[in-house]
Amino acid sequence: QPREPPMYCGQDPGMWYSSLVLRVERVENGNQLDGNAKPNCEVLRTSLEEQGLSFEPSVHTRWAFHGTDAIDSVVNNPMQGFQPLASGSRGSSVWGLGTYFARDAKYVSDGGFCPPGRAGTQQMLMCLLMTGMPCLGDPGHKGVLPFRQRPHRYNSSVDSLSN
(Lines give C-alpha, C1' and ligand atoms only; values in the text may rest on other atoms or scores of the structure.)
Protein backbone atom coordinates (compact mmCIF):
# COMPACT_ATOMS: atom_id res chain seq x y z
CA GLN A 1 0.00 0.00 0.00
CA PRO A 2 1.25 3.53 -0.73
CA ARG A 3 2.27 5.60 2.29
CA GLU A 4 -0.04 8.46 1.33
CA PRO A 5 -3.80 7.83 1.27
CA PRO A 6 -5.61 8.57 -1.99
CA MET A 7 -7.05 12.08 -2.33
CA TYR A 8 -10.15 11.00 -4.24
CA CYS A 9 -13.42 9.28 -3.55
CA GLY A 10 -14.73 6.47 -5.66
CA GLN A 11 -16.58 3.22 -5.54
CA ASP A 12 -16.90 1.33 -2.31
CA PRO A 13 -13.43 -0.01 -1.40
CA GLY A 14 -14.93 -3.42 -0.57
CA MET A 15 -16.35 -3.62 -4.07
CA TRP A 16 -13.00 -2.62 -5.60
CA TYR A 17 -11.06 -5.18 -3.58
CA SER A 18 -13.47 -7.92 -4.67
CA SER A 19 -12.86 -7.10 -8.37
CA LEU A 20 -11.12 -9.80 -10.35
CA VAL A 21 -8.09 -9.37 -12.57
CA LEU A 22 -8.90 -11.55 -15.57
CA ARG A 23 -5.67 -11.22 -17.49
CA VAL A 24 -2.33 -9.42 -17.44
CA GLU A 25 -0.42 -9.11 -20.69
CA ARG A 26 3.16 -7.93 -20.99
CA VAL A 27 3.66 -5.85 -24.10
CA GLU A 28 7.02 -4.56 -25.25
CA ASN A 29 7.86 -2.78 -28.45
CA GLY A 30 11.52 -3.49 -29.19
CA ASN A 31 11.83 -0.67 -31.72
CA GLN A 32 10.34 1.76 -29.22
CA LEU A 33 12.69 0.55 -26.50
CA ASP A 34 15.85 0.78 -28.59
CA GLY A 35 14.97 3.88 -30.59
CA ASN A 36 13.30 5.99 -27.91
CA ALA A 37 13.21 4.69 -24.33
CA LYS A 38 16.90 3.84 -23.95
CA PRO A 39 18.16 7.11 -25.50
CA ASN A 40 15.67 9.12 -23.40
CA CYS A 41 16.80 7.30 -20.27
CA GLU A 42 20.42 8.24 -21.05
CA VAL A 43 19.43 11.89 -21.60
CA LEU A 44 17.60 11.85 -18.26
CA ARG A 45 20.56 10.22 -16.51
CA THR A 46 22.98 12.80 -17.96
CA SER A 47 20.68 15.70 -17.04
CA LEU A 48 20.40 14.51 -13.45
CA GLU A 49 24.16 14.00 -13.16
CA GLU A 50 24.77 17.52 -14.49
CA GLN A 51 22.53 18.73 -11.63
CA GLY A 52 24.62 16.83 -9.09
CA LEU A 53 22.14 13.98 -8.67
CA SER A 54 22.50 10.25 -9.22
CA PHE A 55 19.92 8.46 -11.34
CA GLU A 56 18.00 6.11 -9.04
CA PRO A 57 15.58 3.76 -10.85
CA SER A 58 13.22 3.52 -7.87
CA VAL A 59 13.19 7.31 -7.46
CA HIS A 60 13.32 8.65 -11.02
CA THR A 61 11.09 5.95 -12.52
CA ARG A 62 7.80 4.54 -11.30
CA TRP A 63 4.97 2.24 -12.27
CA ALA A 64 1.67 3.97 -12.94
CA PHE A 65 -1.71 3.25 -14.51
CA HIS A 66 -3.25 4.86 -17.58
CA GLY A 67 -6.82 4.48 -18.73
CA THR A 68 -7.85 4.96 -22.33
CA ASP A 69 -10.26 3.61 -24.88
CA ALA A 70 -7.35 3.62 -27.37
CA ILE A 71 -5.28 0.81 -25.85
CA ASP A 72 -4.71 -0.80 -29.26
CA SER A 73 -3.23 2.44 -30.58
CA VAL A 74 -0.91 2.82 -27.59
CA VAL A 75 0.23 -0.80 -27.70
CA ASN A 76 0.63 -1.12 -31.47
CA ASN A 77 1.97 2.36 -32.13
CA PRO A 78 3.29 3.90 -28.90
CA MET A 79 4.49 7.04 -30.69
CA GLN A 80 0.93 7.78 -31.80
CA GLY A 81 -0.74 6.48 -28.66
CA PHE A 82 0.60 8.87 -26.04
CA GLN A 83 0.15 12.40 -27.34
CA PRO A 84 0.89 14.73 -24.40
CA LEU A 85 0.20 17.97 -26.25
CA ALA A 86 -3.16 16.70 -27.54
CA SER A 87 -4.27 15.53 -24.12
CA GLY A 88 -6.96 17.10 -22.05
CA SER A 89 -9.48 16.82 -24.84
CA ARG A 90 -11.45 14.06 -23.03
CA GLY A 91 -11.57 15.84 -19.73
CA SER A 92 -10.10 18.81 -17.97
CA SER A 93 -6.38 19.53 -17.77
CA VAL A 94 -6.41 20.23 -14.07
CA TRP A 95 -2.63 19.91 -13.75
CA GLY A 96 -1.68 21.26 -17.19
CA LEU A 97 -1.32 19.68 -20.60
CA GLY A 98 0.11 16.18 -20.71
CA THR A 99 -0.65 12.50 -20.59
CA TYR A 100 -2.07 11.61 -17.19
CA PHE A 101 -1.11 8.55 -15.17
CA ALA A 102 -2.30 7.43 -11.74
CA ARG A 103 -0.52 5.81 -8.84
CA ASP A 104 -3.59 3.65 -8.12
CA ALA A 105 -5.50 1.49 -10.61
CA LYS A 106 -8.64 2.26 -8.61
CA TYR A 107 -8.39 5.94 -9.57
CA VAL A 108 -8.29 5.05 -13.27
CA SER A 109 -11.30 2.78 -12.85
CA ASP A 110 -13.33 5.14 -10.65
CA GLY A 111 -12.57 8.16 -12.83
CA GLY A 112 -14.09 6.56 -15.91
CA PHE A 113 -10.78 6.64 -17.79
CA CYS A 114 -11.24 3.01 -18.84
CA PRO A 115 -14.90 2.62 -19.73
CA PRO A 116 -16.39 -0.86 -19.26
CA GLY A 117 -16.58 -3.04 -22.35
CA ARG A 118 -19.57 -5.13 -23.43
CA ALA A 119 -18.88 -7.77 -20.80
CA GLY A 120 -18.48 -5.13 -18.08
CA THR A 121 -14.71 -5.56 -17.97
CA GLN A 122 -12.21 -2.72 -17.95
CA GLN A 123 -8.78 -2.44 -19.53
CA MET A 124 -5.96 -0.18 -18.44
CA LEU A 125 -2.24 0.09 -19.01
CA MET A 126 0.40 -0.27 -16.33
CA CYS A 127 3.43 1.64 -17.56
CA LEU A 128 6.97 2.09 -16.33
CA LEU A 129 7.54 5.85 -16.49
CA MET A 130 10.76 7.84 -16.49
CA THR A 131 9.53 10.62 -14.24
CA GLY A 132 12.90 12.20 -13.47
CA MET A 133 12.51 15.26 -11.27
CA PRO A 134 8.82 16.16 -10.89
CA CYS A 135 7.34 19.56 -10.14
CA LEU A 136 3.87 20.40 -8.89
CA GLY A 137 1.45 20.43 -11.83
CA ASP A 138 -0.25 23.63 -12.86
CA PRO A 139 -2.95 24.42 -15.44
CA GLY A 140 -0.53 27.02 -16.83
CA HIS A 141 1.91 24.34 -17.96
CA LYS A 142 1.45 24.36 -21.73
CA GLY A 143 3.82 21.68 -23.01
CA VAL A 144 7.06 22.95 -21.47
CA LEU A 145 7.74 22.55 -17.77
CA PRO A 146 9.59 25.20 -15.73
CA PHE A 147 13.33 25.21 -15.22
CA ARG A 148 14.61 23.33 -12.22
CA GLN A 149 18.22 24.35 -12.64
CA ARG A 150 19.03 26.13 -15.92
CA PRO A 151 19.35 24.73 -18.53
CA HIS A 152 17.57 21.71 -17.02
CA ARG A 153 13.78 21.61 -16.79
CA TYR A 154 11.60 19.48 -14.59
CA ASN A 155 10.83 16.17 -16.30
CA SER A 156 7.25 15.57 -15.18
CA SER A 157 4.54 17.09 -13.04
CA VAL A 158 2.48 15.58 -10.24
CA ASP A 159 -0.57 16.51 -8.18
CA SER A 160 1.29 15.99 -4.89
CA LEU A 161 5.03 16.11 -4.32
CA SER A 162 4.66 13.85 -1.28
CA ASN A 163 3.58 10.79 -3.26
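Conventions used here
Numbering of residues begins from 1 in every chain and follows the order in which that chain's sequence is written. The predicted origin of the model limits local features to residues at a pLDDT of at least 70 and limits the giving and counting of side-chain atom pairs to 80 or more, whereas totals for whole chains, interfaces and linings rest on all residues. For the side-chain quantities, the full set of heavy atoms in the structure was used; hydrogens and water were omitted. Secondary structure elements are defined from DSSP: runs of H or I of at least 4 residues count as helices, runs of E of at least 2 residues count as strands, and each element is numbered from the N terminus. Burial classes: relative accessible area under 20% of the type maximum marks a residue as buried, over 50% as exposed, and values in between as partly exposed (1.4 Å probe, protein chains only). Whether two residues are in contact is decided by their heavy atoms: any pair within 4.5 Å suffices. At least two bridges found by DSSP between two strands are what make those strands a pair. The score called pLDDT rates the predictor's confidence residue by residue, from a low of 0 to a high of 100. In what follows, salt bridge is the name for a side-chain nitrogen of Lys or Arg lying within 4 Å of a carboxyl oxygen of Asp or Glu. Pairs were defined over the aromatic rings of Phe, Tyr and Trp, the Trp ring being its six-membered one, requiring ring centres within 6.5 Å. Orientation was assigned from the angle between planes: stacked under 30 degrees, edge-to-face over 60, tilted for the rest. Throughout this description, the term charge over a ring refers to an Arg CZ or Lys NZ atom that lies within 6 Å of the ring centre and within 35 degrees of the ring normal. Under the convention used throughout, the expected extent of a helix is 1.5 Å for every residue step, that is, one less than its residue count. Throughout, bend refers to the angle between the axes fitted to the seven residues that end at a position and the seven residues that start at it.

1. Here's the deal with the overall build of the chain
Moving on, step 1. Helices and strands together make up the secondary structure of the chain, namely six helices and six strands.
Moving on, step 2. Counting from the amino terminus, helix and strand elements in the chain follow one another as α-α-α-β-α-α-α-β-β-β-β-β.
Moving on, step 3. Taking all 163 residues of the chain together, 25% fall into the buried category.
Moving on, step 4. Taking the intrachain contacts of the chain between residues at least 6 apart in sequence as the baseline, contacts between residues at least 24 apart amount to 63%.

2. As for the pairing of strand β2 (residues 125-130)
Moving on, step 1. Alternating residues of β2 divide into Leu-125, Cys-127 and Leu-129, all buried, and Met-126, Leu-128 and Met-130, none buried.
Moving on, step 2. Where strand β1 (residues 61-66) and β2 come together, six bridges link them in antiparallel fashion. Across the sheet, Thr-61 pairs through a bridge with Met-130, a residue of β2.

3. Some remarks on the confidence of the model for the chain
Moving on, step 1. Considering every residue of the chain, the mean pLDDT works out to 85; 87% of them sit at 70 or more.
Moving on, step 2. Of all the helices and strands in the chain, helix α5 (residues 78-81) carries the lowest mean pLDDT, 61, while strand β4 (residues 147-149) carries the highest, 97.

4. Thoughts on unusual backbone geometry
Moving on, step 1. Cis geometry is adopted by the peptide bond preceding Pro-151, which originates at Arg-150 and carries an omega value of 5 degrees.
Moving on, step 2. Turning to its location among the elements, Pro-151 is positioned in the loop between β4 and β5 (152-153).

5. Digging into the pattern of salt bridges
Moving on, step 1. Tallying each qualifying case throughout the model produces six salt bridges.
Moving on, step 2. Taking the shortest distance from any N to any O, the salt bridge between Glu-25 and Arg-23 comes out at 2.7 Å. Each member of the pair, Glu-25 together with Arg-23, is exposed.

6. So, the packing of aromatic side chains
Moving on, step 1. Inspection of every chain in the model, using the stated rule, returns one aromatic pair.
Moving on, step 2. The ring centre of Phe-147 lies 3.9 Å from the NZ or CZ of Arg-153, which sits over that ring.

7. Some remarks on helix α2 (residues 30-50)
Moving on, step 1. With 21 residues, α2 should cover 30 Å at 1.5 Å per step; its first-to-last C-alpha distance of 29 Å lies within 8% of that length.
Moving on, step 2. Maximal helix bending in α2 amounts to about 30 degrees, located at Ala-37; proline Pro-39 follows within four positions.
Moving on, step 3. Once α2 finishes, Gly-52 follows within two positions and takes phi at roughly 85 degrees, a positive value.

8. With respect to the side chain of His-60
Moving on, step 1. With respect to the helices and strands, the residue His-60 is situated in helix α3 (residues 57-60).
Moving on, step 2. Residue classification places His-60 among the buried residues on the basis of a relative accessible area of 3%.
Moving on, step 3. In contact with His-60, not counting residues within four places along its chain, are Leu-44, Leu-48, Ser-54, Phe-55, Leu-129, Met-130, Thr-131, Gly-132 and Met-133.

9. Structural notes on the environment of Asn-76
Moving on, step 1. Inspection of the secondary structure puts Asn-76 in helix α4 (residues 71-76).
Moving on, step 2. A relative accessible area of 60% places Asn-76 in the exposed class.
Moving on, step 3. In this structure the C-alpha to C-alpha distance between Asn-76 and Glu-28, which are 48 residues apart in sequence, comes to 9.6 Å.

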